[in-house]
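Commentary on secondary and tertiary structure
As a plain string of letters, each chain reads:
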Amino acid sequence: ILRETLSKRAVRVITGLGKYFRNIDKHRNGFLSQANFKEALQVFHLEIPERDFESLWFILDDCKTDKVNYGEFIRAIFGEMNEYRKAFVRKVSFV
């Protein structure tokens, strides 16, 4: 459900989520607690049923640390970047 919703609004929502995650990441370590992650999804109107959220969290927190990394979240939703996207990111990084 979440993957489908994000694919329809991807760029704007992912950019906004990234900024939001950085703002609430009090330790500046790239990780969010379950409560903060859930709050972020709600702020961006990405509410999912509790049962589905628990399944998503189980997948994202595979090390059982009670936190999730933003990069892991993006990879879980969108998969790894293809070579075209990687080249574009490298190009933008040097500008």
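Residues numbered from 1 in each chain as written. Predicted model: local features only at pLDDT ≥ 70, side-chain atom pairs only at ≥ 80, totals over all residues. Heavy atoms only, no water.

**Remarks on the UniProt feature "domain: EF-hand" (unreviewed entry) in the chain**
Taken from the UniProt record, the annotation "domain: EF-hand" (unreviewed entry) applies to residues 12-47. Across residues 12-47, the secondary structure splits into 64% helix and 8% strand, with the terminal C-alpha atoms separated by 17 Å. (UniProt positions renumbered as here; feature names shortened; annotations may be inferred. Helix = DSSP H or I, 4+ residues; strand = E, 2+ residues; numbered from the N terminus.)

**A few points about the pattern of salt bridges**
Taken as a whole, this structure holds one salt bridge when the rule is applied. Of the charged contacts, one joins Lys 38 and Glu 50 as a salt bridge, the two residues approaching to 2.8 Å between their closest N and O atoms. Remark: Glu 50 occurs in helix 4 (residues 50-60) and Lys 38 occurs in helix 3 (residues 34-43); sequence separation between them is 12 residues. We classify Glu 50 as partly exposed; its relative accessible area is 42%. (Salt bridge = Lys/Arg side-chain N within 4 Å of Asp/Glu carboxyl O. Buried < 20%, exposed > 50% of the residue type's maximum accessible area, 1.4 Å probe, protein only.)

**A few points about the packing of aromatic side chains**
Here the structure, examined in full by the defined rule, presents five aromatic pairs. Each ring, one from Phe 37 and one from Trp 57, has its centre 5.7 Å from the other, and the planes form 50°; the classification is tilted. Pair noted here: Phe 37 is in helix 3 and Trp 57 is in helix 4, with a separation of 20 residues, a long-range link. Grouped by ring-pair contacts, the aromatic residues Phe 21, Phe 37, Phe 53 and Trp 57 constitute a single cluster. When the ring centre of Phe 58 is taken as origin, the NZ or CZ atom of Lys 64, which lies over that ring, is 3.9 Å away. (Phe/Tyr/Trp six-rings, centres within 6.5 Å; stacked < 30°, edge-to-face > 60°. Lys NZ or Arg CZ within 6 Å of the ring centre and 35° of its normal.)

**Looking at the nonpolar core**
Within the largest apolar cluster, 19 residues are counted, with the highest numbers of intra-cluster contacts made by Leu 17, Phe 21 and Phe 37. When residues of this core are traced back to their parent elements, those giving at least two are helix 2 (10-24), helix 3 and helix 4. A per-element tally of this core places helix 2 first, with six residues. (Core = buried A, V, L, I, M, F, W, Y, C linked by side-chain atoms within 4.5 Å.)

**Here we look at helix 4**
Inspection of helix 4 places Phe 53, Leu 56, Trp 57 and Leu 60 among the buried residues, and these make up the whole buried set. Take helix 4 and look down its axis: the buried residues cluster within an arc of 100°, on one side only. Turned more than 90 degrees away from the buried face of helix 4 sit Arg 51, Phe 58 and Ile 59, all of them exposed. (Arc of directions from axis to C-beta.)

**Re the side chain of Asp 25**
Among the secondary structure elements, Asp 25 is positioned in the loop between helix 2 and strand 1 (31-33). Buried and unpaired, Asp 25 has no salt bridge, with Arg 28 as the nearest side chain of opposite charge at 5.4 Å. The contacts of Asp 25, once residues within four sequence positions are left out, are Gly 30, Phe 31 and Leu 32. (Lys, Arg positive; Asp, Glu negative; His and termini not counted. Contact = heavy atoms within 4.5 Å.)

**Brief notes about the packing of helix 3 against helix 4**
Helix 4 packs onto helix 3 with a crossing angle of 125° between their chain directions and a minimal axis gap of 12 Å. It follows from the interaxial angle that helix 3 and helix 4 lie oblique. In the packing of helix 3 onto helix 4, the handedness of the crossing is right-handed. Contacts between helix 3 and helix 4 involve Gln 34, Phe 37, Lys 38 and Leu 41 from the former and Glu 50, Phe 53, Glu 54, Leu 56, Trp 57 and Leu 60 from the latter. (Axes fitted to C-alpha atoms, helices over the stretch in contact; angles between N-to-C directions. Parallel < 35°, antiparallel > 145°, perpendicular 65-115°, else oblique. Left-handed = near helix turned anticlockwise from the far one by under 90°.)

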